[in-house]
Each structure stands twice: as structure tokens, then as C-alpha cells.
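# Examination of the molecular architecture
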Amino acid sequence: MSWSFSFDRAPELEPAALRALLGGKGANLVVMATELELPVPPGFVISTDACKAYMASGWPDGLDDELRQQMAHIETQAGRRFGDLADPLLVSVRSGAPVSMPGMLDTILNLGLNADTTAGLAAASGDAAFAATCRERLEAMYRDIVGSDQLPEDPWQQLRAAVEAVFRSWDSERARSFREKEGISAELGTAVVVQTMVFGNRGADSGTGVLFTRNPATGENEPYGDVLFGAQGEDVVAGTHATEPIASLEE
């Protein structure tokens, strides 16, 4: 039994079954990367089955080996290595339940940074301040989500702890309250999406945003969304920063 699936090697299932296995976010990334052939940053999905196994009896047997194999596949696609001192591959670790639960589950960005790889990122990007900001965000998110005051220097320890934290967030008090209010089954579990980082915080000509293919309020068939320059994704969805309409990209 496989616990994880690369975006480009997912099982061929009907949409509902794929969503149940890989969560909404994971299933949509698979469709974008394969059927639509969009330039999706490389990644993989740890299935809802793995989350359910974890909740029942702890860390699933064989998942550690699969993480190594999946990360090796990402490294080949991205042309960078996880933990590399010169040009490190960094990843995000995000939740992805089969039913949308916005803000209820957990995310960690810039995973893979330690003292040495932060120096490597600074050298590769030519921007020490950018690298330091990425490290600070990782430390803050790791502290808040994993619940540890100390960020491990070993990127592989970071990765496993982050995946576990997302699994645990499925059974957090806020998630349980949300499911009860919305009538969502506790049996679904959440998938975990591990994906190559793309940095919206590299400067004023970088950015992040949220895009809808039509206006969610009126149904009008036009692109709709928000963009935030010089920022990372959590800055948009957390509601802590003033965004601009997606039309500002024309300028």
C-alpha cells in the first residue's frame, strides 16, 4: 500500500475518489499538473489514508522511506537537493482535506532551512535579508504549529515533524468545532501536500495571491482575486495584509 503520490504519478481515479484520497488541494494540483499541463511546482501528496492510519495507531510503517523517495523525485524535477548547502531545495507542507476547511488546519513554509542552508540560500539568491526572513518565518511557524521552541537543524526531522503536525491538526479543537458546525465527517482525514517553494517575497516584482476563475459573489465569468507583492501565501489568506485586486497585475 502506498501512502504518498507524486503530482505526476497519481492513481487514475474518478474525481470524487481522487479527492477522497488526496484531498481537494492535492487532487486539484494533480489535475493542473497532468490534465491541464500547467507549470505546477513539483510536489507530492501524503494521502488521507496515511492520516487515518496515524490517528489510529501512530506513524504509518513505510512512510519514512516514501518521504525519501518522493523528495528524491522532487529533487530531480527541481534541479536542487533538500538540505544542499549551496542551493537548497525548500518545500511547503500544507493540509488538504477532501472538504474545504479554510483556516482550520495547518501549514508550514520554507521548510529545509537551518544555519548552513540559510547561508546557501542567501548566496544563491544574492539576498541575505530575503534568506533571513524565510528562516524567521519557518521558525515562527514551526514553533506555533509543531509546538517546539527549537527548530531542528536536520531538514528531514523538520519534514517529519511538519507532516505529523498537519495530521494532528485534523483533530484539533478548532477543526472539530468547524466539522461539527458544517456537518463534515471526522472519518475523512486530511491529506498533506509537500511542494517545492516558490518565493513571492523575493522583492517588489514577486508576489502571491488568490485567483478564482469567476466572481464568487456574483457568478460573473471573469478572473477574480487578490494579489500581494513581496509576500508569501500565508500573508494573503491570514487577512493580516492589505491586498490589491488581481487587475493590478495589468500595471
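To be clear, the structure that these remarks concern was listed above.
Now for a quick tour of the structure. (Residues numbered from 1 in each chain as written. Predicted model: local features only at pLDDT ≥ 70, side-chain atom pairs only at ≥ 80, totals over all residues. Heavy atoms only, no water.)

## With respect to the overall build of the protein chain
Tallying secondary structure elements over the protein chain gives eight helices and 10 strands in all. For 251 residues, the compact-globule estimate of 2.2 N^0.38 gives 18 Å, and the C-alpha radius of gyration of the protein chain, at 18 Å, lies within 12% of that figure. Once the C-alpha set of the protein chain is aligned to its principal axes, its extents read approximately 50 × 45 × 35 Å. By residue count, 47% of the 251 residues in the protein chain fall in the buried class. Within the protein chain, contacts between residues separated by at least 24 positions form 62% of all contacts whose residues are at least 6 apart in sequence. Put simply, the protein chain shows about 12,700 Å² of open surface, and 49% of that area lies on carbon and sulfur atoms. Of the side-chain charges in the protein chain, 19 are positive and 37 negative, and the distance between the mean point of each set is 3 Å. (Helix = DSSP H or I, 4+ residues; strand = E, 2+ residues; numbered from the N terminus. Rg over C-alpha atoms; globule rule 2.2 N^0.38 Å. Buried < 20%, exposed > 50% of the residue type's maximum accessible area, 1.4 Å probe, protein only. Contact = heavy atoms within 4.5 Å. Areas by Shrake-Rupley, 256 points an atom, 1.4 Å probe, with all protein chains shown as cover. Lys, Arg positive; Asp, Glu negative; His and termini not counted. Charge placed at Lys NZ, Arg CZ, Asp CG, Glu CD.)

## A look at the layout of surface pockets
Take a probe with the size of a water molecule and roll it over the atoms, and the empty space left behind shows itself. Estimates place the volume of the second largest pocket at around 280 Å³. Lining the second largest pocket are 16 residues; nearest its centre among them are Leu13, Leu18, Val30, Val31 and Glu35. In terms of residue class, the lining of the second largest pocket is built from eight nonpolar, two polar and six charged. (1 Å grid on protein atoms, 1.4 Å probe; cavity = no way out; pocket = protein on both sides within 12 Å on 5 of 7 lines; lining within 4 Å. Points joined across faces, edges and corners; volume = space filled by probe spheres on them. Nonpolar A, V, L, I, M, F, W, Y, C, P; charged D, E, K, R; others polar.)

## Quick word on the sheet that holds strand E8 (residues 207-212)
Here we have three strands laid out as an open sheet, ordered E8-E9-E10, and antiparallel in their pairing. The open sheet terminates on both sides in strands that have one partner only, identified here as E8 and strand E10 (244-245). (Pairing = 2+ DSSP bridges.)

## Quick notes on the sheet that holds strand E7 (residues 191-196)
Judged by pairing direction, the sheet is antiparallel, and its five strands sit side by side in the order E1-E2-E7-E5-E6 without closing on themselves. Of all strands in the sheet, those with a lone pairing partner are strand E1 (4-6) and strand E6 (107-111), marking the two edges. Taken pair by pair, the neighbouring strands of this sheet meet at an average axis angle of 20 degrees, ignoring direction. Alignment of strand E5 (residues 91-96) against E6, held across three bridges, turns out to be antiparallel. Residue pairing for E6: valine 93 is matched across the bridge by isoleucine 108. The strands touched by helix H3 (residues 63-78) within the sheet are E1, strand E2 (43-46), E5 and E7, with E2 carrying the most contacts at an inclination of about 160 degrees. (Axes fitted to C-alpha atoms, helices over the stretch in contact; angles between N-to-C directions.)

## Quick notes on the nonpolar core
Grouped together as the largest cluster of nonpolar side chains are 51 residues, with contacts concentrated most on Ile46 and Phe167. Contact partners of phenylalanine 167, with chain neighbours within four places excluded, come to Ile46, Ala50, Cys51, Tyr54, Met55, Trp59, Leu63, Thr190 and Val192. (Core = buried A, V, L, I, M, F, W, Y, C linked by side-chain atoms within 4.5 Å.)

## Description of unusual backbone geometry
The phi angle at glutamate 37 is positive, at roughly 55 degrees, despite the residue not being glycine. Summarising the element assignment, glutamate 37 is placed in the loop between helix H1 (15-33) and E2. Classification of glutamate 37 as exposed rests on a relative accessible area of 65%. Positive phi outside glycine occurs at asparagine 110, with the angle close to 65 degrees. Checked against the element boundaries, asparagine 110 lands in strand E6. For asparagine 110, a relative accessible area of 0% puts it in the buried group.

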